[in-house]
Amino acid sequence: MSACQSSSLVSFLRIFGPSAETDALSDENVRKALAEFGVQPIVTPAPQLEKLKTALCGETPSNVILTGTAGDGKTYHIRQLLLGELNMAPELWPGDAPVLEVSLPSGIPLRVIRDLSELEDDEKDAELAAIIACLKGKRTDVRYLIAANDGQLLRYFRDSTTVGAGAIHAELARMLRSEVSKSALDLVLLNLSRSWSGETVDKIFDAVIDHPDWASSCDGCPGTGVANPCPIRLNQSILRGDDGAGLNFRTRIKDALRVGAANDSHIPIRYLIMLTVNILLGDRQVADDPLLDCDRAKQRAAKGNYELCNPYDNALGLNMPKRQRDANVVFSQLASLGLGEETNNLLDEALTKGEPKALAEEIFATEKMYGERLFAPAHHAYYVTADRSKADEFRGSIATQRRRAFFRMSASHEGMASPWRFTVLHHAGTYLDVIAALTDADANKTFLDQITRRLIKGLNRAYLGMMAEETEKLWLAGTIGRTDDTVGRIATVDAIARATRAQSIKLDMDRGKRRPVLLVRSKSLDEPIEPLELRPLLFEYLLRVDEGSLPSSFSRQCQQEVRQFALITNAAFGDEGDEDDVSSVFVLSLSATGNVDAKTLEV
Amino acid sequence: MAEVERSPLLVANSLEPPRNLQVSQIGLWCEIPIWGLLLYDNQTPWLTLLETLHICFARVSHKKSVFPPETSDGEHEWINYEAPLALGLRHLLFEDQHIDEIASSGAENGTMWSTWIAELGVKPPVNIAHLRKTFPQFQDLANAVALLRSGQVDGNNGRRPTSRHLLPLGPSMLFADVKEVEHTSDRRFMRRNGELIFLMLNRSSLRTEVANLIQSELIGADSPWNRLARKLMGGDAYEDQPRSLNTGFLPLAEHGAYERLAQDWRAILSLKKMPVATSLAPLARLSSFNLLLYIVERAVEVTEGLGGYVPPYVFDMVGNTSGNGLRKLSQNLLQQHRRLMPSATRAFVETYRQSDEWQAIEGSDQASLTACNRLQQRFLWKRDIGTDPDAMPSPSEQIELLINEVQKSHSHSVSAMYVAHSRQIGAITARAGVGTWYAPNDELIEALVLANVAGPIELDAFLEKLFDRYRIVIGAQEAMRAFDGELPEVDATFRENERSFEDRLRMLGFLERKSDDCAFVFNPFHPDTSLTDGDHDVAA
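How should I be thinking about the nonpolar core in this particular structure?
Soluble globular proteins: nonpolar side chains tend toward being buried together. Counting 172 residues, the largest nonpolar core has B:Trp116 and B:Trp265 as its most contacted members. Considering each element in turn, this core owes the most residues, 17 residues, to helix 12 (residues 276-304) of chain B. With sequence-adjacent residues up to four places away left out, B:Trp116 is seen in contact with B:Leu92, B:Asp96, B:His98, B:Ile99, B:Ile102, B:Val126, B:Leu131, B:Phe138 and B:Leu141. Of all hydrophobic cores here, the second largest spans 126 residues; its members include A:Leu339, A:Phe407, A:Ala468 and A:Val562.

I would appreciate a short explanation of the sheet that holds strand 10 (residues 511-515) of chain B in the present structure.
One key point about sheets: their strands pair by backbone hydrogen bonds, in either a parallel or an antiparallel sense. With respect to topology, 3 strands assemble into an open sheet ordered 8-11-10 (chain B), the strand pairing being antiparallel. With one partner strand each, in any of the chains shown, strand 8 (457-458) and strand 10 of chain B form the two edges of the open sheet. In this structure, strand 10 of chain B lies alongside strand 11 (residues 518-521) of chain B, joined through 4 bridges in antiparallel fashion. Along strand 11 of chain B, the bridge assignment pairs B:Arg513 with B:Ala519. Contacts from helix 7 (residues 150-158) of chain A reach strand 8, strand 10 and strand 11 of chain B, with the element oriented near 65° to strand 11 of chain B.

Looking at this structure, I do not really get the interface of chain B and chain A. What am I missing?
Counting residues at the interface gives 58 residues for chain B and 50 residues for chain A. The partner of B:Asp442 in a salt bridge is A:Arg556, with the nearest N and O atoms 2.8 Å apart. Of all the secondary structure elements, the ones that give two or more residues to the side of chain B that touches chain A are helix 7 (138-149), helix 10 (224-233), helix 12, helix 18 (442-452), helix 19 (459-470), helix 21 (491-507), strand 10 and strand 11 of chain B. Top element by residues in the side of chain B that touches chain A is helix 7 of chain B. It accounts for 6 residues. Along the lines of polarity and charge, the residues of the side of chain B that touches chain A split into 26 nonpolar, 13 polar and 19 charged.

Would you explain the sheet that holds strand 3 (residues 109-113) of chain A in this entry?
All names here are of chain A. Read across the open sheet, the 5 strands follow the order 2-3-4-1-5; overall the sheet is mixed. This sheet does not close on itself; its edge strands, each paired only once, are strand 2 (99-103) and strand 5 (187-191). Across the sheet, the mean angle separating the axes of adjacent strands is 15° when strand polarity is ignored. Examined bridge by bridge, strand 1 (residues 63-67) and strand 4 (residues 143-148) share 4 bridges and lie parallel to one another. When the bridges of strand 4 are listed, Val64 appears paired with Leu145. Sitting on the sheet, helix 6 (residues 121-135) is in contact with strand 1, strand 2, strand 3, strand 4 and strand 5, with an inclination near 110° to strand 4.

Would you mind showing me how to read a negative patch on the surface here?
Residues and elements named next belong to chain A. Together, Glu120, Asp121, Asp122 and Asp125 give the surface a local cluster of negative charge. Mapped onto the elements of the fold, Glu120 is located in the loop between strand 3 and helix 6. By relative accessible area, Glu120 is classed as exposed at 51%.

Any chance you could explain a nonpolar patch on the surface here in plain terms?
Residues and elements named next belong to chain A. On the surface, Tyr382, Tyr383 and Val384 cluster together into a nonpolar patch covering about 280 Å² of accessible area. By secondary structure assignment, the location of Val384 is in helix 20 (residues 372-384). Taking relative accessible area as the criterion, Val384 reaches 57% and is therefore assigned exposed.

Quick question: what am I supposed to make of the packing of aromatic side chains here?
The relation between two aromatic rings is expressed through the spacing of the ring centres and the mutual angle of the planes. If you walk through the whole model with that rule in mind, you get 31 aromatic pairs over all chains. Summarising the aromatic geometry, the rings of A:Tyr312 and A:Phe407 are spaced 6.3 Å apart at their centres and angled 20° between planes, so their arrangement reads as stacked. Of this pair, A:Tyr312 sits in helix 15 (residues 311-314) while A:Phe407 sits in helix 21 (residues 391-408), placing them 95 residues apart in sequence. Both residues of the pair, A:Tyr312 and A:Phe407, count as buried. For the pair A:Tyr382 and A:Tyr383, a centre-to-centre distance of 5.5 Å together with 80° between the ring planes defines the contact as edge-to-face. Take A:Tyr382: its relative accessible area is 32%, and that puts it in the partly exposed class. Counting every residue linked through ring pairs, the aromatic cluster contains A:Phe249, A:Tyr312, A:Tyr370, A:Phe406, A:Phe407 and A:Trp420. Between A:Arg177 and the ring centre of B:Phe522, over which it is positioned, the NZ or CZ distance is 3.8 Å. Of note, A:Arg252 hangs over the ring of A:Phe406, and the distance from its end group to the ring centre comes to 5.8 Å.

Rules behind the numbers
- Residues numbered from 1 in each chain as written.
- Chains lettered and ligands numbered in written order.
- Predicted model: local features only at pLDDT ≥ 70, side-chain atom pairs only at ≥ 80, totals over all residues.
- Heavy atoms only, no water.
- Core = buried A, V, L, I, M, F, W, Y, C linked by side-chain atoms within 4.5 Å.
- Buried < 20%, exposed > 50% of the residue type's maximum accessible area, 1.4 Å probe, protein only.
- Helix = DSSP H or I, 4+ residues; strand = E, 2+ residues; numbered from the N terminus.
- Contact = heavy atoms within 4.5 Å.
- Pairing = 2+ DSSP bridges.
- Axes fitted to C-alpha atoms, helices over the stretch in contact; angles between N-to-C directions.
- Salt bridge = Lys/Arg side-chain N within 4 Å of Asp/Glu carboxyl O.
- Nonpolar A, V, L, I, M, F, W, Y, C, P; charged D, E, K, R; others polar.
- Patch = residues over 30% accessible without salt bridge, like charges linked within 9 Å, V, L, I, M, F, W, Y side chains within 5 Å.
- Areas by Shrake-Rupley, 256 points an atom, 1.4 Å probe, with all protein chains shown as cover.
- Lys, Arg positive; Asp, Glu negative; His and termini not counted.
- Charge placed at Lys NZ, Arg CZ, Asp CG, Glu CD.
- Phe/Tyr/Trp six-rings, centres within 6.5 Å; stacked < 30°, edge-to-face > 60°.
- Lys NZ or Arg CZ within 6 Å of the ring centre and 35° of its normal.

Okay, here's the thing in structure tokens:
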């Protein structure tokens, strides 16, 4: 081997990996590193840039507040806007003054607060009165662009005694909670941590995997042979999808992140980059330094220690110590899926016995390095030599294979063979299909209706505490009033029909377009009813109950959400304003076929 | 020298008890002048709420307003009320053993009726003719009875059938709490806790609003369950009434505790999106919680005067029995709270000992006898000191004995009520071998959210509000305020406590964490939570 040579790109990418420094990683540090290593920058998208331009660069600009957590790219967005659209001279950025002032295309001045937390108290107070006036629409001679974390933003107004701050605070709290960007205020609130975009994730993957400097920086490296390839390049090709198993790895990661987003767990752009870098460079040998560099990569290749840089395990951050992993938002989110522990007989037999053949082939035929090659020794020791002392090793090994299988299997499998059966969310595949169906222009109505029926059955069972088979009507069953027991047989409101002229129960997307909701509509009501938000866990709960699980054996939180929905919907129908004195209540019972029998009782 | 007959001693700023109130039956007058007549341990939180509502319903049924009109001279209220006996309905709901069995026997309708009538015996407690006419099908009767039975509250007590109650959703669902045989009110389980709540609400500044809500949500609400109860009962149920009761004594005309109580009532009864039948349970819990705070606050006022230090309520959320966490601190504070009550009664007597009136006796002739009489008049404390002047205890000896007496733990004392209610509302947890401390259960946490959260509010603002209103300490910020900057436990322990609280709130469906920096507590039953007009998203 010729003298060790380090790829400058790899050294550059390492700074984006998981370490203490990354938390302090800022725009400025990145630019320094770019200069040091002489590579091109990672082109990250600014997903809200268009909306920012629309809000500020038209005839009648609004005020804009950019909010999101650290690493979401607030500063990045502002810089792109100022240096790009507004043609500010680069040397003026970022400037010394806490508040920058520039001119908008419409001629109105724009006061830019790059980071609210950087302002001193007196500076904050000085601006506050003007900001309040602008947000209320009382002043239009100046506009504001403010970047702040959501908690900080709320505290700014809450801690102030200036007149009008309290009302602004209440309105912003409402907007943040309901996740809307516009309201009665003269404001566009862009929350960078509330926008999911599959394209953003793809762009970040591409920016790292297909970085233009790979070829040049690895040029001259003797590389390694086919039998023991460079682990970095190997991981790169797996993530890119070169090996014939297509793009399942990437897609599955995107799906997992999508499910997390539906669960309000947002991953800032900085952490998406960290995830990608960790998949490529993750190495579990040294706890303090969990990333490969070129030296170590060569050692791994030479000794064949590929199990230390398994990309499927790296995706879950298993190369880091547990404490660090738990504190990291993207790895803790992925860890919550329970990969490696969850499984069922069908899938495990495919892994260990090779049956059914088609499934086992799909899992093991391609990408042999981390699959067959890694699994064979432990499998042999356990099954063939029946060495009991190797049991622990086998357990670890099969967990690794389950994780790998999750990332490699096609999404087309259904039921017990779905890759999502390797996670705690068995029905996540269906969940993603629902989201896809709802966001498509021509939604597959039959599919959505099918799922709606299953959800209705799940709800009926949860409310009645009985194995009802009703899928066309929703009974808001309960007790007369006590709060402790959620299950009951009494309904004060007639069942709500799934699909009639007067009523409907349908799946729809919520306002922020991030998760499905179950929408109940009735012509007899003036006000719309609060929909049931179907977070992944609740969707899972209802489908499992539909399939036969006992409602009380799953999740307290889901039971509470479902109960609240029943009470609120009941209250909405209860106000129907009946002028007639005669009214009835329904006593529900289950027939032998599982249908719900409702006896009317006149009251 | 003619002795002026003294009346029982009152605290400073106290109202005079109502003239018609019979105090002569009371054994020791030291708790009542401080807290009122009466805080009773065997009256559960549900029965407390029921008692309050009995008064409200009774007034409206007599065409009066929910709360009496204000008197200009600050005279103590004297309110008369009663609840229906409804013996027939009670029999059906709480005593009858046969309806269910007969209804599920599958026999023919006429047979079912005759079987049941036979079981009722020679003097049936119900109006059979009315029932046959109203429910031609026996099965319907059985269903109606089963339905109403499911509305029973506080059922885990195994009480006599004449002390079982339903949710008070209408006038036909109320029952007077009476003896089994003579059907007279014996105040065995309903013993004035609810009357005190009524008086407190009456004296708060929110009385009109609360009255309107009680009227609209309960009394005038025409609940279907009430209609059903009326159908079962028939008209003649109102003919028998037990003798009416009168409200008791609440010493202070104004107090922060009354305002806090009224605010909680207003908040809960205003939750339009929650059926009132479901909101009565949290209302009962919070009413009792407010009584507990009142007890502690009054005790501090009597012992230290206004502005005294009220020990906070440190809620342990982690809830394990190990030594870590806030359990020990919380246990400590519970004990401090409990010690406040005998301290207060002691202070009550001590203050008198320092008074001119008592000092005058010490040096007078026949001091012992005068002292004995005076103590009897002032404290309703009867002692026999004999007739031999030489053997009589001196005034200072007597008052010393009295001070010891008031600090002893008596059964049914305010202290007993404090512990009983704390346990029943889920404010305290007791573990064998470990002790008792403030570790709230889910229902109490839910009640606190329902009463204190309108639109979405940040978590730390919610914690601040809980401290400002109830002196509840969960996180480090409030601990700093409560303990004057000197944290009794490490900062990290309080932070862990706060995180556990957050988890509980999330599990109950009341919290959404938006980011590391921002978590919202929200009340899904409050009208503010819906989106309003003008909300929409920017087009992409």
